[in-house]
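A structural walkthrough
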Amino acid sequence: MARLVFLLIAGLGLLAALGTILSRDLVRAALYLAAFFFCVACLFVTLEAEFLAVVQVLIYVGAVAILLMFGIMLTRDAAGGSADLSGAWRVPGLLAGLCVFVVLAFGIHNAVSPSGKGPWSGIVARPALEPSDGVAWKAERVRAIDDMPRVVGEQFMTRYALTFELAGLLLTAALVGAVVLVREDSPPTPDEPADAASTEPEPAVAATR
Amino acid sequence: MDLSPGSALIAQAHRVDLTWNTAIVWALWLVVGFVGIFPGIVAYMVWLERKAAGRFQDRVGPNRVGPFGLLQPIADAVKLIVKENIVPRHADGLLHLLAPVLVLVSAFLSLAVVPFAVGLMPIDPPSGLLYLIAVSSISPLGIFLAGWSSRNKYSLIGAMRAVAQLVSYEIPQVLATIPVVLWAGSLSLATIFEHQARFGWNVFAPPGLLAFAIFAIAGAAEVNRAPFDIPEAESEIIAGYHTEYAGMRFGLFFLAEYLGVFVIACVTTVLFLGGGMPLPFSPFPTNLIDGSIRRYVLVDAILLAVFLFKVLLFVLAMYWVRATLPRLRVDRLMNFAWKYLVPLCLLDILLAALWFEIVVRPGRVSAGRWTAGMVVTGLLVWASVRFVFWVNRKLAAAGPIDADWPVVGAAREGVETDEGGGIIAREVGTTWPGLYSS
Amino acid sequence: MVAYNYVFVGLLLLTAVGFALAPLALVALVAPRKPSPTKGDAYECGVRARGDAWVRFRIQYYVYAIMFVVFDVETVFLYPWAAAYGALGVFALVEMTVFLALLFAGLAYAWAKGVMRWT
């Protein structure tokens, strides 16, 4: 049953991922990506990582998708379909994707689980979905599942305190970076006459005269 | 769905078993609750709003269909169904259909974790509150898609405004729930409810009062209620993101919006107003539970009645605000979220920790500690509100008086704004001259 | 198992989609359909609309989106902290104060640079 659910979600996720790269329309591609994020959240649920699943929906479907949409609205060629993603950027894009894939595969392959490093098949079998097995660490696991936010918080504040503050620093850096980026896009100073683009807004609303 | 009182006072098990019992309860929730009762409540909220708005404006409101116009929602539904569904020729058809569905799904999903009474909540996942916020954050995506797929300038402007407003007010709304989580020590809404049975309603702690105020304001903005109804400012941009929606598709947006109002009222009641508890500092009806079914039904009846009464009061307050206040200007709107509410929320979180140390940490409410907590955090909350407002006034006064007034700034620089293009130019041009002046 | 809670969420999702699509299907059966060129036009004003609606928007929107993402991630850190606060202590409060101060510095920077000015 669990395997069936996994296959279903993974299949849907794969379809969404394919849609993302094959769609000609940027907004649709971003929407497929959001659907893919949602599928990942569903996978987290089947792994009993409920908190993570909810965070995935909140951050990726709720926030990053909006950021993507606003980013698309910033580009010149938002007009649907005409956004051409093919051509010169196809090969570098493929290369970058391949690199990410290799890094991820390497990382997953070398991941060390609580029960030590094992082959992939062992790792796949470990987080069994039935509560009956794994008696040795059952109590800890039950607590982690029932009270995941609190366990995560305790870990943040003790074991990963430094990482936590670094995350804060990273977020601040992101915010400052965005601000600088916006300032870079420097507008004409108030003394200069506005350039043509602004006095003649491209698609002015239908003239009433 | 364990109906017997467990070891805990109110909280039900976070875990459920897939038994026939569960299946029947879930089926009842889905069919009776989500398909039957909740849309019904929403339909009559619309009727109530029209009645209330009528009274505020010295009219009688709907009174033709049935006694007191009580059948009006049914008539409206029939009208929506038999109206033609118009999709603009250039619209993105699939997304045009998907958008209202997404918004409605988001509103539906967020009702799944609301504890209406003891045991009367569909599910109680351990991260319930975060779940609630996560699923309600899907609706901006639907709204954006609605505006974008319509391929209408007003729709798109309305959608961009709506999404910018929704995401801006989501931050203070979320931050305002942190004190509640901190005091209850859990993200489960049932546990938060139970905490208030022991320590009094959250709104009666000064940081909780501030959080309640922020949550209510941000909540009104989240559901596009006046005075935050810029996304659908009909005098400026027709109807905003649902300009191109007709008939039942518009009806879905309408339903989702009022469902959102209902959700906000329910969540506020649970988080700050003690859920269904009739008395602020007493676990009154819940201590009657002794395991017998009759007692249980009695307690739940009391809780549910009080809960719905509080929700009704909150909803009426929102209608009152709508009848009273004019619409905010778009820049003031964003400023208010980021420059007033967010800093206040951050301060409030620290004050909430202080309240926790004084009152909650010792484990029982005692009059002495409670008074001390009220005085100390009360003064600090008052001071921080004054401080944030003072800083903002000072900073605003430092600039020219009309610095944030686009039309005046533009006119001074000799750019003509014709009446037709004015709105558009202000919204879309990235190099609008007044942008960085002063 | 905790994930069973989400079986209900899945069912609710299906119910909600069904609830949204059922009246639309009914509309397709009952409602009249009389398309005309004028009806299919964008509802902008009395005469023919000019230009495409899909245009470039101002960058302010993007700034708000970025700030939203940053603060949204921050809340994800805040929730576990708040839930665990009772079991922790003053050190956690200090840590969180530093964290909040960092983020507030970012907000103050954006504020000072005037990117939060709408027009």
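Residues numbered from 1 in each chain as written. Chains lettered and ligands numbered in written order. Predicted model: local features only at pLDDT ≥ 70, side-chain atom pairs only at ≥ 80, totals over all residues. Heavy atoms only, no water.

Examining the overall build of chain C
Applied cut-off: Runs of E in the DSSP output that reach at least two residues are strands. Runs of H or I that reach at least four are helices, and both are numbered from the N terminus. Any residue under 20% of the maximum accessible area for its type is buried, any over 50% is exposed, and the rest in between are partly exposed; the area is computed with a 1.4 Å probe on protein chains only.
Along the backbone of chain C there are three helices and zero strands. The N-to-C order of helical and strand elements in chain C reads α-α-α. By residue count, 55% of the 119 residues in chain C fall in the buried class.

Considerations on the overall build of chain B
Heads up, the rule is: In what follows, residue pairs with any heavy atoms lying within 4.5 Å of each other are defined as contacts. The accessible surface values rely on the Shrake-Rupley method and a 1.4 Å probe; as for residues, cover is taken only from the protein chains in view.
When helices and strands are counted, chain B shows 15 helices and zero strands. A burial count over chain B gives 60% of its 438 residues as buried. Sequence separation of at least 24 residues holds for 77% of the intrachain contacts in chain B that already meet a minimum separation of 6. In the form shown here, chain B has an accessible surface area of approximately 16,700 Å², with 67% of it arising from carbon and sulfur atoms.

Points about the confidence of the model for chain C
Residue and element names in this part refer to chain C. Applied cut-off: The quantity called pLDDT is the predictor's confidence in a given residue, expressed from 0 to 100.
Across chain C, the average pLDDT comes to 81, with 82% of residues at or above 70. Of all helices and strands in chain C, the one with the weakest mean pLDDT is helix α3 (residues 90-112) (86), whereas helix α1 (residues 5-30) scores best (88). For this predicted complex, the interface confidence reaches an ipTM of 0.87, while the overall pTM sits at 0.84.

A short note on the packing of helix α3 (residues 93-110) of chain B against α1 of chain C
Rule in force here: Working convention: axes come from line fits to C-alpha atoms, limited for helices to the stretch in contact. Angles between N-to-C directions cover 0 to 180 degrees. Roughly parallel refers to an angle under 35 degrees, roughly antiparallel to one over 145, roughly perpendicular to one between 65 and 115, and oblique to any angle outside these ranges. Here a crossing is called left-handed whenever its near helix is offset anticlockwise from the far helix by less than a right angle, and right-handed whenever the offset is clockwise. Here the nonpolar group is Ala, Val, Leu, Ile, Met, Phe, Trp, Tyr, Cys and Pro; Asp, Glu, Lys and Arg are the charged ones; every other residue, Gly included, is treated as polar.
It is the contact of α3 of chain B with α1 of chain C, at a shortest axis distance of 9 Å, that shows an interaxial angle of 135°. Classified by the interaxial angle, the pair formed by α3 of chain B and α1 of chain C is oblique. Relative to α1 of chain C, α3 of chain B is oriented so that their crossing is right-handed. Taken together, the residues of α1 of chain C that come into contact with α3 of chain B (itself represented by Leu97, Val101, Leu104, Val105, Phe108 and Leu109 of chain B) are Val9, Leu12, Leu13, Ala16, Val17, Phe19, Ala20, Leu21 and Leu24 of chain C. Broken down by class, the residue content of the contact of α3 of chain B with α1 of chain C amounts to 15 nonpolar, no polar and no charged.

Section: the interface of chain B and chain C
Here is the rule we go by: By buried area we mean how much accessible surface two parts lose on assembly, using a 1.4 Å probe and totalling the loss over both. When a carboxyl oxygen of Asp or Glu lies within 4 Å of a side-chain nitrogen of Lys or Arg, that pair is called a salt bridge. Think of a polar contact as two N or O atoms within 3.5 Å of one another; within protein, one of them needs to be a possible hydrogen donor and the other a possible acceptor, and neighboring residues in sequence only count if both atoms come from side chains.
Tallying the contact residues gives 96 residues for chain B and 73 residues for chain C. Counting each side, the surface lost to burial between chain B and chain C is near 7,800 Å², with a carbon and sulfur contribution of 73%. At the boundary of chain B with chain C, the tally comes to zero salt bridges. Taken together, chain B and chain C are joined by two residue pairs in polar contact (both at pLDDT 80 or more). No other element matches the 17 residues that helix α6 (residues 153-184) of chain B contributes to the side of chain B that touches chain C. The residue inventory of the side of chain B that touches chain C, partitioned by class, reads 63 nonpolar, 15 polar and 18 charged.

With respect to helix α8 (residues 206-222) of chain B
Residues and elements named next belong to chain B. Put simply, the test is: Here the expected length of a helix is defined as 1.5 Å per residue gap, with one fewer gap than residues.
Compared with an ideal rise of 1.5 Å per residue, which puts 17 residues at 24 Å, α8 spans 24 Å between its outermost C-alpha atoms and is within 8% of the ideal. In terms of burial, α8 is a largely internal element, 14 of the 17 residues being buried. Asn224 sits one or two positions beyond α8 and adopts a positive phi of about 60°.

Brief notes about unusual backbone geometry
Residue and element names in this part refer to chain B. Not every positive phi belongs to a glycine, and Asp58 is a case in point at roughly 60°. Take Asp58: it is sitting in the loop between α1 (20-56) and α2 (72-82). The residue Phe68 is not glycine, and still its phi comes out positive at about 55°. Assignment of secondary structure puts Phe68 in the loop between α1 and α2.

Brief notes about the packing of aromatic side chains
Selection rule: Ring pairs shown here join Phe, Tyr and Trp side chains whose ring centres sit within 6.5 Å, with only the six-membered ring taken for Trp; geometry is labelled stacked below 30 degrees between planes, edge-to-face above 60, and tilted in between. For a lysine, the NZ atom is tested; for an arginine, the CZ atom; a charge sits over a ring if that atom is within 6 Å of the ring centre and within 35 degrees of the ring normal.
The tally for this structure, following the rule as stated, stands at 34 aromatic pairs over all chains. Aromatic side chains Phe156 of chain A and Phe77 of chain C sit 5.2 Å apart centroid to centroid with 50° between the ring planes, which places their arrangement in the tilted category. In this pair, Phe156 of chain A sits in helix α7 (residues 148-157) while Phe77 of chain C sits in helix α2 (residues 60-84), so the two residues belong to two different chains. The exposure class of Phe77 of chain C is buried, given its relative accessible area of 13%. Considering the side-chain rings of Phe254 of chain B and Tyr258 of chain B, the 5.1 Å spacing of their centres and the 50° angle between planes classify their relative orientation as tilted. Placement of both Phe254 of chain B and Tyr258 of chain B in helix α10 (residues 247-271) is noted, with a separation of four residues, approximately one turn of the helix. Since its relative accessible area comes to 5%, Tyr258 of chain B is described here as buried. Directly above the ring of Trp201 of chain B sits Lys310 of chain B, whose terminal nitrogen or CZ lies 3.8 Å from the centroid.

Concerning the nonpolar core
If you look at soluble globular proteins, the nonpolar side chains tend to sit buried side by side. Applied cut-off: Among the buried residues, those of types Ala, Val, Leu, Ile, Met, Phe, Trp, Tyr and Cys that are joined through side-chain atoms within 4.5 Å form a nonpolar core.
Ranked by size, the top nonpolar core spans 212 residues in total, and within it Leu129 and Phe144 of chain B together with Trp81 of chain C carry the most contacts. The element that contributes the greatest number of residues to this core is α6 of chain B, accounting for 20 residues. Setting aside chain neighbours within four positions, we find Phe144 of chain B in contact with Val27, Met69, Phe70 and Met73 of chain A together with Ala159, Met160 and Val163 of chain B.

Here we look at the pattern of salt bridges
All names here are of chain B. Tallied over the entire structure, the rule returns three salt bridges over all chains. The partner of Glu49 in a salt bridge is Arg225, with the nearest N and O atoms 2.8 Å apart. With Glu49 in helix α1 and Arg225 in the loop between α8 and α9 (234-237), the pair connects residues that are 176 residues apart, well separated along the chain. Judged by its relative accessible area of 3%, Arg225 falls in the buried class. Connected through shared salt-bridge partners, Glu49, Arg225 and Arg322 make up one network.

Comments concerning the confidence of the model for chain B
Residue and element names in this part refer to chain B. Mean pLDDT for chain B: 81, with 86% of residues reaching 70 or above. Within the model, the stretch residues 1-9 combines pLDDT values under 50 with 14 contacts to residues more than four positions away or in other chains. In this model residues 414-438 is a low-confidence stretch, pLDDT under 50, and it forms 57 contacts with partners more than four residues away in sequence or in other chains.

Examining the packing of helix α12 (residues 330-360) of chain B against α2 of chain C
In the contact formed by α12 of chain B and α2 of chain C, the axes pass within 14 Å of each other and the chain directions differ by 20°. With respect to α2 of chain C, the element α12 of chain B is oriented roughly parallel. Considering how the two elements wind past one another, α12 of chain B and α2 of chain C form a crossing that is left-handed. Where α12 of chain B approaches α2 of chain C, its residues Met334, Trp338, Val342, Leu346 and Ile349 of chain B are matched on the opposing element by Tyr64, Met67, Phe68, Phe71, Glu74, Leu78 and Trp81 of chain C. Partitioned by chemical class, the residues of the contact of α12 of chain B with α2 of chain C number eleven nonpolar, no polar and one charged.

Quick notes on the side chain of Asp72 of chain C
How we decide: We score Asp and Glu as negative and Lys and Arg as positive, and we do not count His or the chain ends.
With respect to the helices and strands, Asp72 of chain C occurs in helix α2. Among buried charged residues, Asp72 of chain C stands out as having no salt bridge; its nearest opposite-charge side chain is Lys339 of chain B, 21 Å away. Excluding anything up to four places from it in sequence, Asp72 of chain C contacts Leu58, Ile59 and Ala63 of chain A together with Glu170 and Ile171 of chain B.

Focus on the environment of Phe6 of chain A
Residues and elements named next belong to chain A. Looking at the element boundaries, Phe6 is found in helix α1 (residues 2-22). Overall, Phe6 belongs to the partly exposed group, its relative accessible area being 42%. Sequence spacing of Phe6 and Val151 is 145 residues, and the spatial spacing of their C-alpha atoms is 26 Å.

Quick notes on a nonpolar patch on the surface
For clarity, the cut-off: Residues enter patches when they are more than 30% accessible in relative terms and free of salt bridges; like-charged ones are connected within 9 Å and nonpolar ones (Val, Leu, Ile, Met, Phe, Trp, Tyr) within 5 Å.
A contiguous nonpolar surface patch, about 930 Å² in accessible area, is contributed by Tyr44, Phe68, Leu70, Leu71, Ile74, Val78 and Val82 of chain B together with Leu26, Leu29 and Val30 of chain C. Counting only elements with at least two residues in the nonpolar patch, the list comes to α2 of chain B together with α1 of chain C.

Section: helix α2 (residues 26-46) of chain A
For α2 of chain A, with 21 residues, the first-to-last C-alpha span of 31 Å sits near the 30 Å given by 1.5 Å per residue. Close packing links the buried residues of α2 of chain A with α1 and α3 (50-74) of chain A, α3 and α5 (139-150) of chain B together with α1 of chain C. Following α2 of chain A by one or two positions, Glu48 of chain A has its phi on the positive side, about 65°.

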